[in-house]
Amino acid sequence: AQSVAQPEDQVNVAEGNPLTVKCTYSVSGNPYLFWYVQYPNRGLQFLLKYITGDNLVKGSYGFEAEFNKSQTSFHLKKPSALVSDSALYFCAVRDWNYGGSQGNLIFGKGTKLSVKP
Amino acid sequence: NAGVTQTPKFRILKIGQSMTLQCTQDMNHNYMYWYRQDPGMGLKLIYYSVGAGITDKGEVPNGYNVSRSTTEDFPLRLELAAPSQTSVYFCATQRQDVLEQYFGPGTRLTVT
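Here is what the cut-offs are and how they apply
Residues numbered from 1 in each chain as written. Chains lettered and ligands numbered in written order. Predicted model: local features only at pLDDT ≥ 70, side-chain atom pairs only at ≥ 80, totals over all residues. Heavy atoms only, no water. Helix = DSSP H or I, 4+ residues; strand = E, 2+ residues; numbered from the N terminus. Buried < 20%, exposed > 50% of the residue type's maximum accessible area, 1.4 Å probe, protein only. 1 Å grid on protein atoms, 1.4 Å probe; cavity = no way out; pocket = protein on both sides within 12 Å on 5 of 7 lines; lining within 4 Å. Points joined across faces, edges and corners; volume = space filled by probe spheres on them. Nonpolar A, V, L, I, M, F, W, Y, C, P; charged D, E, K, R; others polar. Pairing = 2+ DSSP bridges. Salt bridge = Lys/Arg side-chain N within 4 Å of Asp/Glu carboxyl O.

Visitor: Any details on unusual backbone geometry? Residues and values, ideally.
Guide: Cis rather than trans, the peptide bond between Thr-7 of chain B and Pro-8 of chain B has omega equal to -5 degrees. The topology assignment puts Pro-8 of chain B in the loop between strand S1 (4-7) and strand S2 (10-13). A positive phi angle, near 45 degrees, is found at Thr-72 of chain A, a position not held by glycine. Considering the arrangement of structural elements, one finds Thr-72 of chain A in the loop between strand S8 (64-68) and strand S9 (73-78). Residue Thr-72 of chain A is classed as partly exposed on the basis of its relative accessible area, which comes to 31%.

Visitor: Outline the layout of surface pockets, supporting the account with residue identities and numerical values.
Guide: Empty space within the largest pocket amounts to approximately 620 Å³. Lining the largest pocket are 30 residues, and of these Gln-38 and Leu-88 of chain A together with Gln-37, Val-88 and Arg-108 of chain B sit closest to its centre. Breaking the lining of the largest pocket down by element, the ones donating at least two residues are strand S10 (87-95) of chain A together with strand S9 (87-94) and strand S11 (107-111) of chain B. At 4 residues, S11 of chain B tops the list of elements feeding residues into the lining of the largest pocket. Considering only residue class, the lining of the largest pocket consists of 12 nonpolar, 11 polar and 7 charged. Taken as a whole, the second largest pocket spans an internal volume of roughly 240 Å³. Lining the second largest pocket are 17 residues; nearest its centre among them are Ile-106 and Phe-107 of chain A together with Leu-43, Lys-44 and Glu-59 of chain B. Elements supplying a minimum of two residues to the lining of the second largest pocket: strand S1 (3-5) and strand S11 (104-107) of chain A together with strand S5 (43-51) of chain B. When its residues are assigned to classes, the lining of the second largest pocket shows 8 nonpolar, 5 polar and 4 charged.

Visitor: So what's going on with the pairing of strand S6 (residues 54-57) of chain B? Which residues, and what values?
Guide: All names here are of chain B. In this sheet, S6 lies alongside S5 in antiparallel orientation, the contact comprising 3 bridges. Within S6, the position partnered with Tyr-48 by the bridge is Asp-56. Here S5 hands over to S6 after 2 residues, with Gly-53 in that stretch at a positive phi of 85 degrees.

Visitor: Tell me about the pattern of salt bridges, and please be specific about residues and values.
Guide: Residue and element names in this part refer to chain B. What the rule picks out here adds up to 7 salt bridges over all chains. The closest approach of N and O atoms between Asp-38 and Arg-36, which form a salt bridge, is 3.0 Å. Residue classification places Asp-38 among the partly exposed positions, given a relative accessible area of 22%.

Structure, rendered in structure tokens:
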């Protein structure tokens, strides 16, 4: 079965510093990988996805993610963090056990990102 | 264009009561999903629908039921509420072959 792991419950970063939120995956076949962000009392918002092609994927709000097949990782990055980036970040992988031909998402537990001024 | 809307935002139920969580979308997406989010956990799929009139179970369907009579609406029914159903419930939609999902704001349910 497909799965993702987010090894850090929380990441603390100073504003202006680069940030990395880690995600590793386990899949059979080619992975379809996603990052979502959840602000307090809100639903999840799509940030970016990797399906195929360039290993560096650019997404919303200046975020990017690097797909590394040999390390089975898909880490989320941003060169310069903002206080407004503070939120809960979820890594997800497409799974084919449910959801018909479109599959469904298997989510990690989430990583809380805290950016301090 | 409201996207995905969910009502109510909050609800407290007593054990054994029942309720319906509403989900409506105006994006004309065929695919709709119900997830639950427990503290410190990722989202778990409860039920999904690939189009009007078609629903199927997800990973954690016990204690829930759904219906999909129109493209727009995908209500989730809780019968005989239990404390284990205390959670935040999210509805999501997806357009065919686009792969990313769009989430509603969630319903926070407490069963006591």
